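# Topology and contacts: notes
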Amino acid sequence: MEKQRYLSKYIRDDLDDKMVFIGGARQVGKTTLARDLIAAHFDSFDYFNWDFSIDRKRLINMEFPGKNSLLIFDELHKYSDWKNFIKGIYDIYKNKYNIIVTGSARLNIYRKGGDSLQGRYHYYTLHPFSYAEMIERPNLPNPAGELNFEQGGNISDIKLLLQFGGFPEPLLRQNERTLRRWHSEKLERLFREDIRDIENIRNIGKMKLLGDLLPGKAGGALSINAIREDLSLSHRAVSDWLDILEQFYYQFRIYPYSKSVVRSLKKESKIYMYDWSQVENEGARYENMIASHLLKTVNFLQQYEGFNISLNYLRTVDKKEVDFLVSYNDKPWFATEVKLSDVNPSPNLKYFADRLKIPWSYQVVLKPGVDKFQNGIRIISAEKFLSGLM
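Residues numbered from 1 in each chain as written. Predicted model: local features only at pLDDT ≥ 70, side-chain atom pairs only at ≥ 80, totals over all residues. Heavy atoms only, no water.

## Re the nonpolar core
This is how the line gets drawn: Here, the term nonpolar core denotes a set of buried Ala, Val, Leu, Ile, Met, Phe, Trp, Tyr and Cys residues that are joined through side-chain atoms within 4.5 Å. Using a 1.4 Å probe on the protein chains alone, a residue whose accessible area is under 20% of its type maximum counts as buried, one over 50% counts as exposed, and one in between counts as partly exposed. Helix and strand labels come from DSSP, where a helix needs a run of H or I of at least four residues and a strand needs a run of E of at least two; each type is numbered from the N terminus.
Membership of the largest hydrophobic core comes to 87 residues, with the highest contact counts inside it found for Ile-11, Phe-21, Phe-73, Ile-86, Ile-99 and Phe-385. Looking at this core, the element that brings in the most residues is helix α12 (residues 282–303), giving nine residues.

## Considering the pattern of salt bridges
For clarity, the threshold we go by: The term salt bridge refers to a pairing of a side-chain nitrogen on Lys or Arg with a carboxyl oxygen on Asp or Glu at a separation within 4 Å.
Tallying each qualifying case throughout the model produces 28 salt bridges. With its nearest N and O atoms 3.7 Å apart, the salt bridge here joins Glu-169 to Arg-173. With Glu-169 and Arg-173 both in helix α7 (residues 168–173) and four residues apart, this pair spans about one turn of that helix. For Glu-169, a relative accessible area of 30% gives the class partly exposed. Of the residues examined, Arg-173 reaches a relative accessible area of 56% and is grouped as exposed. With its nearest N and O atoms 2.9 Å apart, the salt bridge here joins Asp-371 to Arg-378. Exposure remark for Arg-378: the relative accessible area of 14% places this residue in the buried category. Connected through salt bridges with shared partners, the residues Arg-26, Asp-51, Glu-75, Lys-78, Glu-193 and Asp-194 form a single ionic network.

## Side note on α12
Short version of the rule: Here the expected span of a helix is defined as 1.5 Å times the quantity of residues minus one. Here a polar contact is taken to be a pair of N or O atoms separated by no more than 3.5 Å, where protein atoms must pair a possible hydrogen donor with a possible acceptor and residues adjacent in sequence count only if both atoms sit in side chains.
Here α12 is 22 residues long and its end C-alpha atoms lie 31 Å apart, about the 32 Å a rise of 1.5 Å per residue gives. N-cap assignment for α12: the residue whose side-chain oxygen lies 3.0 Å from the backbone N of Gly-283 is Asn-281.

## Comments concerning the layout of surface pockets
As a reminder, the rule being used: Space inside and on the surface of the protein is sampled on a 1 Å grid over the protein atoms alone, with a cavity defined as a set of points where a 1.4 Å probe fits but cannot get out and a pocket as an open set with protein on both sides within 12 Å along at least 5 of 7 lines; lining residues have an atom within 4 Å of a point. Grid points are joined across faces, edges and corners, and a volume is the space filled by probe spheres set on the points. Classification used: nonpolar for Ala, Val, Leu, Ile, Met, Phe, Trp, Tyr, Cys and Pro, charged for Asp, Glu, Lys and Arg, polar for all others including Gly.
In this structure, the largest pocket occupies an estimated 570 Å³ of space. Elements with a contribution of two residues or more to the lining of the largest pocket: α2 (30–41), β2 (45–49), α7 and α8 (176–198). The biggest single contributor to the lining of the largest pocket is α2, with four residues. Tallied by class, the residues present in the lining of the largest pocket amount to eight nonpolar, six polar and eleven charged. A volume near 430 Å³ is recorded for the second largest pocket. When residues of the lining of the second largest pocket are traced back to their parent elements, those giving at least two are β5 (121–125), α11 (235–247), β6 (251–256), α12 and β8 (309–315). Ranked by the residues each element gives to the lining of the second largest pocket, the list is headed by α12, at five residues. The residue inventory of the lining of the second largest pocket, partitioned by class, reads ten nonpolar, eight polar and four charged.

## Considering the sheet that holds strand β10 (residues 331–339)
How we decide: At least two bridges found by DSSP between two strands are what make those strands a pair. Structural elements are reduced to axes, namely lines fitted to C-alpha atoms, with helices fitted over the stretch in contact, and the angle between N-to-C directions of any two is expressed from 0 to 180 degrees. Contacts are assigned to residue pairs with any non-hydrogen atoms lying within 4.5 Å of each other.
Here eight strands make up an open sheet; going across it, the order is β7-β6-β8-β9-β10-β11-β13-β12 and the pairing mixed. Two strands lie at the open edges of the sheet, namely β7 (270–273) and β12 (371–374), each paired on one side alone. Ignoring strand direction, the axes of neighbouring strands in this sheet form an average angle of 30°. Seen against the sheet, α11 touches β6 and β7 and runs at an angle of roughly 110° to β6. Across the sheet, helix α13 (residues 347–356) is in contact with β8, β9 (321–328), β10, β11 (360–365) and β13 (377–381); its angle to β9 comes to roughly 35°.

## Section: the sheet that holds strand β1 (residues 19–23)
Strand-to-strand pairing in sheets goes through backbone hydrogen bonds, with the strands running parallel or antiparallel. As summarised here, the arrangement of the five strands in space is β2-β3-β4-β1-β5, forming an open sheet in which the pairing is parallel. The sheet is open, and its two borders are formed by β2 and β5, each paired with just one other strand. Going across the sheet, the axis of each strand differs from the next one's by a mean of 15°, ignoring polarity. By the bridge criterion, six bridges tie strand β3 (residues 69–74) to strand β4 (residues 97–103) in an arrangement that is parallel. Opposite Leu-70, over in β4, you have Asn-98 as the bridge partner.

## Brief notes about the side chain of Glu-321
With respect to the helices, strands and loops of the structure, Glu-321 is situated in strand β9. Looking at Glu-321, its side chain comes within polar contact range of the side chain of Lys-270, at 3.1 Å. At a separation of 3.0 Å, a polar atom in the side chain of Glu-321 contacts the side chain of Arg-315. In contact with Glu-321, other than residues within four places in its own chain, are Lys-270, Leu-314, Arg-315, Glu-337, Asn-348 and Phe-352.

## Brief notes about the packing of helix α10 (residues 224–231) against α11
Keep this limit in mind: Reported orientations rely on four angle classes, namely roughly parallel under 35 degrees, roughly antiparallel over 145, roughly perpendicular from 65 to 115, and oblique for the rest.
Axis separation between α10 and α11 bottoms out at 9 Å; the angle between their running directions is 110°. As far as their axial angle goes, α11 and α10 are roughly perpendicular. For the pair α10 and α11, the contacting residues are Ile-224, Asn-225, Ile-227 and Arg-228 in the first and His-235, Val-238, Ser-239 and Leu-242 in the second. Residues of the contact of α10 with α11, tallied by class, amount to four nonpolar, three polar and one charged.

## Description of the packing of aromatic side chains
Aromatic rings considered in pairs are described by the distance between their centres and by the relative angle of their planes. What counts is decided by this rule: Pairing of aromatic side chains here covers Phe, Tyr and the six-membered ring of Trp, requires ring centres within 6.5 Å, and sorts the geometry by plane angle: under 30 degrees stacked, over 60 edge-to-face, intermediate tilted.
Here the structure, examined in full by the defined rule, presents 26 aromatic pairs. Their ring planes at 55° and their centres at 5.6 Å tell us that Tyr-362 and Phe-385 sit as a pair that is tilted. With a gap of 23 residues between them, Tyr-362 in strand β11 and Phe-385 in helix α14 (residues 382–386) connect regions that are remote in the sequence. Aromatic ring contacts, followed pair by pair, group Phe-48, Phe-64, Phe-73, Tyr-93 and Tyr-97 into a single cluster.

## Some points on α10
Under the convention used in this document: Taking the helix axis as origin, the arc is that swept by the directions to the C-beta atoms.
Where α10 is concerned, the buried positions are Ile-224, Ile-227 and Leu-231. Across the axial projection of α10, the buried residues extend over an arc of 65°, all falling on one side. Those residues of α10 hidden inside the fold are in contact with α9 (204–213) and α11. Positive backbone phi, approximately 55°, marks Ser-232, located one or two places after α10.

Honestly, it's all geometry; don't read function into it.
Below is the structure:
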């Protein structure tokens, strides 16, 4: 079952203007996305993978096709001077070739220092499949208005997505043994190949232990001190390793809404996995899945539309909490509270909605056919809510 990825048409339009960089987790479908573009829009292409010696030699010697075509550079960020290298290629050949650069790390921030590529590329994050993309109806929300939900929906598709995650191989195969093997092989390659190729990590074994711990912390406040004590590491090491894992799209963190007028907001980040199928607890996995859908939508609105959109959460020191707040131009747009089955309106959601004047508040439940307003809150089933996102 082949599905065209949600970014294809947007990347094709942008290639006429600049280079396109596509970052995303290992095996999220970056190469397949590039092939979709080739099949649909380009007569010829040349693909270079920095991990293969023959391709590296061709790249260093700048052996490119004679006719105009699409050039795809994969994992080029593993070359220490990759930004200056690709800048030279683009400045010489920008009128001859369309260029895509893909990588399993954040290409827009990787290799700290001045960005010699500024103004030469558009950046996209390729996320795992979401519900709307799975049913081939991705929805682009308008940050000035309420989310636009599709009628109907299928809770069985939500449950498949919850069980197998959004990465193409396990999701499309829908087999538990495949999922277990895929997890093991993917994580081993991430820590032993991708990260080791770029970062000078003295104790890759302990870093892998950190990676093993994180799915159990999904949806909770992240305490670096607690992790430091569990692994007998320094605070600096844990902090640095978390940054590296985030750069490689293993996990992501969200932070409290900083413009809040509510006193005593706690400042800890909350952590989630890009592959929510790693999370064993059902409630935490469900919350993680919703977080990933929201992040995917927020990233697209940032990267393609250029909107100032942020994903945060709300929590006070007396433990009033709302799972997610999406803001537009630093002002609340909509808040989301995640519940497995509770269809009674959340008092905390009402508390923050009133004090922050949040225009729309949603309580998302893992029950089919729910859609009602109560106490100023729209209580809505997951399949309908997620149909309003990318």
